[in-house]
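Per-entry structural report
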Amino acid sequence: MDAMNNSIPREICNYFPICNTDDLFHFVTNFILGLSHDKCSLSSKRKNHSWRIQEEANIALLSIVLGIVEHSLTVEQDECKPVILSESSDQRHLKFKPAYEFPPVELDVVLSFYSQFQNVILSFVDLSEHFDRLPALSSAGNLNVQSKRYNTVRTESEKTSDLESLIGDYSGDLNEADSANNNLVPNPKLVVKSKSNIVPAVKKFCSKELLKSVSDAIWVRLQKSYQKDRSHQQSLFSFLTTWRLDSFGVAVCVVAAAQLLGLNDVHLALSEDHAWVTFGENQKESSEVTWHGKAVEDKRGDPITDVVARKRWLYLGGKNAIKCDRASEVAACIASMSMNMGLGNDKTDSSIVAFIQQKLLWHMYYEGLLDNYPTCIALLGDLEDIQPYESSDTSPLELYQRAIRSSVVYYSDSFVYPYIHLGKHCLRKEKPRESLANWARAATVIGRYNYDKEEEEIYREFFDIATVHIPAVVKRPLQPDKPDHLVCEDPLSLCYIIQFIDGVCLWEEGSSTPVLHISWAEKFLPVLSAFSFEVRRRVVYITSEFLTDTKPQNEDMKSTNSSALASPNVFDCCEPSANQGQSHIPDLQAILQEMSQNMFSPLCHLGAPDSLSQPSNVNICKDSNKIELKIYSKKMALISELVHNERFNPHAANLQLTAQTSQTSERKRVRSNPYNDFTFLSNKRKK
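Everything quoted here is computed from the prediction, not taken from an experiment. (Residues numbered from 1 in each chain as written. Predicted model: local features only at pLDDT ≥ 70, side-chain atom pairs only at ≥ 80, totals over all residues. Heavy atoms only, no water.)

A separate point is the overall build of the chain. Counting its secondary structure elements, the chain contains 23 helices and 15 strands. The proportion of buried residues among the 687 residues of the chain is 53%. For the chain, the share of sequence-separated contacts (at least 6 apart) that also reach a separation of at least 24 residues comes to 73%. (Helix = DSSP H or I, 4+ residues; strand = E, 2+ residues; numbered from the N terminus. Buried < 20%, exposed > 50% of the residue type's maximum accessible area, 1.4 Å probe, protein only. Contact = heavy atoms within 4.5 Å.)

Turning our attention to the pattern of salt bridges. Under the criterion given, the structure shown has 14 salt bridges. The partner of Asp413 in a salt bridge is Arg448, and the shortest N-O contact between them spans 4.0 Å. Pair noted here: Asp413 is in the loop between helix H13 (396-411) and helix H14 (417-428) and Arg448 is in the loop between helix H15 (432-446) and helix H16 (456-473), with a separation of 35 residues, a long-range link. The partly exposed category is assigned to Arg448, whose relative accessible area is 34%. The residue Lys635 makes a salt bridge to Glu508 at a minimum N-O spacing of 2.6 Å. With a gap of 127 residues between them, Lys635 in helix H22 (residues 634-644) and Glu508 in helix H17 (residues 491-508) connect regions that are remote in the sequence. By the burial criterion, Lys635 is buried, and Glu508 matches it. (Salt bridge = Lys/Arg side-chain N within 4 Å of Asp/Glu carboxyl O.)

What follows concerns the sheet that holds strand E8 (residues 322-323). Taking strand neighbours across the sheet as the criterion, the 4 strands line up as E7-E6-E5-E8 in an open arrangement whose pairing is antiparallel. Strands with a single pairing partner mark the edges of an open sheet, and in this sheet they are strand E7 (285-287) and E8. Two elements, strand E5 (residues 267-270) and strand E6 (residues 275-279), share 4 bridges in a ladder whose sense is antiparallel. Among the inter-strand pairings, His267 is bridged to a residue of E6, identified as Thr278. Each of E5 and E6 touches helix H8 (residues 247-260); the most contacted strand, E5, lies at about 155° to it. (Pairing = 2+ DSSP bridges. Axes fitted to C-alpha atoms, helices over the stretch in contact; angles between N-to-C directions.)

Here we come to the packing of H16 against helix H18 (residues 518-529). Helix-helix packing is described using two parameters, namely the angle between the two axes and the distance between the axes. Look at H16 against H18: their axes get within 8 Å of each other, and the N-to-C directions meet at 40°. With respect to H18, the axis of H16 lies oblique. The crossing of H16 and H18 is left-handed. Residues Tyr459, Phe462, Phe463, Ala466, Thr467, Ile470 and Pro471 of H16 touch H18, and the partners they reach there are Ser519, Trp520, Lys523, Phe524 and Val527. (Parallel < 35°, antiparallel > 145°, perpendicular 65-115°, else oblique. Left-handed = near helix turned anticlockwise from the far one by under 90°.)

Okay, H8 next. Along its 14 residues, H8 runs 20 Å from first to last C-alpha, staying within 8% of the 20 Å computed at 1.5 Å per residue. For H8, the tally of buried residues reaches 14 of 14 residues, placing the bulk of the element in the interior. Phi turns positive one or two residues past the end of H8, at Gly262, with a value near 85°. (Expected span 1.5 Å × (residues − 1).)

A word on the environment of Asp108. The residue Asp108 is located in helix H4 (residues 107-122) in this model. Overall, the relative accessible area of 37% leaves Asp108 in the partly exposed class.

So, on to the nonpolar core. Grouped together as the largest cluster of nonpolar side chains are 174 residues, with contacts concentrated most on Phe16, Phe117, Ile121, Val330, Phe462, Ile470 and Phe500. The contact partners of Phe117, leaving out residues within four places of it in the chain, are Ala60, Ile218, Leu236, Phe239, Leu240, Cys253, Ala256, Ala257 and Leu260. Counting 8 residues, the second largest nonpolar core, distinct from the first, contains Ile304, Val308, Leu314 and Ala321. (Core = buried A, V, L, I, M, F, W, Y, C linked by side-chain atoms within 4.5 Å.)

This next bit is on unusual backbone geometry. With an omega of -5°, the peptide bond between Phe16 and Pro17 qualifies as cis. Along the chain, the position of Pro17 falls in the loop between helix H1 (2-7) and strand E1 (18-20). Located in the positive-phi region is Asn282, a residue other than glycine, with phi close to 60°. With respect to the helices and strands, Asn282 occurs in the loop between E6 and E7. Residue class for Asn282 comes out exposed when judged on its relative accessible area of 63%. Of note in the backbone geometry, Glu430 takes a positive phi value of approximately 60° without being a glycine. Under the relative-accessibility criterion, Glu430 is labelled partly exposed at 46%.

Running from N to C, helix H2 (residues 21-32) and helix H3 (residues 59-74) cross one another at 175°; their axes reach a closest spacing of 12 Å. By the angle between their axes, H2 is roughly antiparallel relative to H3. Facing H2, whose interface residues are Leu24, Phe27, Val28, Phe31 and Ile32, H3 presents Leu61, Leu62, Val65, Leu66 and Val69. Taken together, the residues of the contact of H2 with H3 sort by class into 10 nonpolar, no polar and no charged. (Nonpolar A, V, L, I, M, F, W, Y, C, P; charged D, E, K, R; others polar.)

The subject of this paragraph is the packing of aromatic side chains. Using the criterion set out here, one finds 22 aromatic pairs in the structure. Judged by centre distance (6.5 Å) and plane angle (70°), the ring pair of Tyr15 and Phe27 falls under edge-to-face. With Tyr15 in the loop between H1 and E1 and Phe27 in helix H2, this residue pair connects regions lying 12 residues apart in the sequence. For Phe27, a relative accessible area of 0% gives the class buried. (Phe/Tyr/Trp six-rings, centres within 6.5 Å; stacked < 30°, edge-to-face > 60°.)

Before going further, it helps to spend a moment on the environment of Leu427. Within the element layout of this structure, Leu427 appears in helix H14. Ignoring sequence-local partners within four residues, the contact set of Leu427 consists of Ser435, Trp439, His469, Val473 and Arg476.

Under the defined criterion, the tally for this structure stands at 0 disulfides. Not engaged in a disulfide, the cysteine Cys253 finds its nearest cysteine sulfur in Cys333; these two sulfurs lie 9.3 Å apart. (Disulfide = S-S within 2.5 Å.)

Judged by how many residues are buried, H22 sits mostly within the fold: 8 of 11 residues are covered. Buried residues of H22: Lys635, Met636, Ala637, Ile639, Ser640, Leu642, Val643 and His644, and no others. Taking the backbone nitrogen of Met636 as reference, a side-chain oxygen 3.4 Å away marks Ser633 as the first, capping residue of H22. (Polar contact = N/O pair within 3.5 Å; in protein donor to acceptor, adjacent residues only side chain to side chain.)

This next bit is on the pairing of E6. Burial within E6 is extensive, with 5 of its 5 residues counted as buried. Alternating residues of E6 divide into Ala275, Val277 and Phe279 and Trp276 and Thr278, and every residue in both groups is buried. Counting the residues in the hairpin turn of E5 and E6 gives 4 residues. Pairing of E6 with E7, which is carried by 3 bridges, proceeds in the antiparallel orientation. Residue pairing in the sheet places Thr278 in a bridge with Ser286 of E7. The loop that links E6 with its antiparallel partner E7 comprises 5 residues; one of these, Gly280, has a positive phi angle of about 90°.

Let us look at the confidence of the model for the chain. Looking at the chain, pLDDT values average 74 and 64% of them are 70 or higher. In the model, residues 78-95 has pLDDT below 50 throughout and makes 34 contacts with residues more than four positions away in sequence or in other chains. Under a pLDDT of 50 for its full length, residues 547-584 has, in the predicted model, 45 contacts with residues more than four places off or in other chains. (pLDDT = per-residue confidence, 0-100.)

Of all 6 residues in strand E15 (residues 626-631), 5 are buried, a share of seventy percent or more. Sheet analysis places strand E13 (residues 539-543) next to E15, joined by 5 bridges and oriented parallel. What sits directly across from Tyr541, in E15, is Leu629.

If you want it as structure tokens, here you go:
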């Protein structure tokens, strides 16, 4: 079959069976990605795009193979017992072997699953209903291929006979599916023979109706009730063996099915916690094909319009989502592999799955295929931080910074997780001030959006930072060699904490669902009480214009802080503090300058252009050695007055922090998509 010959070349047999990590590496890089490169170590410098990627990497084959390997290493552990990964493990600096073995992946198993997936799609989708004129593809013939690595004890004639029967059965399955639907969209490179001449096949673009039909083919096969977002449910292997998929897995299956039908304009679109598809000419159209989070209601067919995506982190505002090509989709499939082993409290991680991810992602990173994929670079930083790869010459810190730089350069600094991961990395490196700075930057980014109830993952991240990590950080010393100088004695750290909660409050403003509740206040407000009055009075809060008219300016020194709070042009520099001349007060300007050159700081973006580097909200008033911090949320503007008092009142701050904002959501309710209307199923007769 011409379509099969085009999608699965004969040389696939040269890569099977896949018995170890090296075999899998060569299969992905050489066969799936089609990279033409010489053998070289990963420690070599990045190439200037001297490679060529295969135009249509087969996502279905990749997902099946990765799913089989993941299943054998995590679910079936009889033949392989990986090393348990732990940050405190003594094997943290374990040198990896050249290759790890796992149960072999045979070609007949992979082709059988691929044939089954093709039957599922072709028996459900009829392209003749969506296109006026489609040429029928020729029937499949036997592929005359022989495996050079068919590893058995039988004779060569028996091996050849088995392979021919295998490909013959596979071709028969395709013919059976082709007879049910003989209207496959041809590959643009194929030609259609007519009576007079040979006419190039017209390239067809997917429509909303056709995409809905493709997603229906996946959706109707899923089990009715199961836990939607558990581990090991993101691949076609899980779909074909258990009929279970998570949210990301449904999107990948839809893209693989569209590619199978020749609809090569259908690609993944990814945010930090959701997936949908783009299609049409130049990927101008977009559509939901799956659900998200705990709300598993059907979203298929709903377009991602500006009304839906604007100010929502789940879609990164709509304009800053990652629009994938085939290389990015391959990276997404690799990054989605789950290392989880066991159930309940016995959960551990498979070190071999982590090694597979590291080796493949490192290779794509050095080839420049991850330059516009911040979340994948941050994941590589996490893997490198837990278990360093012996051939890598890039530290986890540099990976986190490159993820931030990718977000700044390509997506207007719209990604939150790179800052969160870098903050946790700084905490492990005993740099608490830098951790607070990165978490404050993450909150500043999230403050651009409005909170939605479907964003429970990022909500949980910020809740853990506010109630677990920050209360523990303020009790730590600023530097390991100076145990007497704690974080709660540092005014710059206080600024970052205020900036963090200010971003969260701004995230809540304009949202239909409140963010801050009593649990936030009970665990976070004692953090502010830990800072003494001498530290708190050295921070001057510059609020937005909405409080300018409400704060009268007085000339006495008692109201100096209120004046500075009311107007962004009035600084608390009139009278130096009585303790300013003491030698133990640090030079805040020098500290901030040092932070701007610190690799651990979010102010450093590894050489990002100055026009793209985001300005800091923290400035130093040189005359009085005090810090000026800009406040943007209404809640923190009111709480900042309480912070300036000599006796901080946590009960009053509690009321201010947990008060519901008076603003209502600006988003309008989107009408139901006509392709998602199932009202005709209801009984309209009323008794």
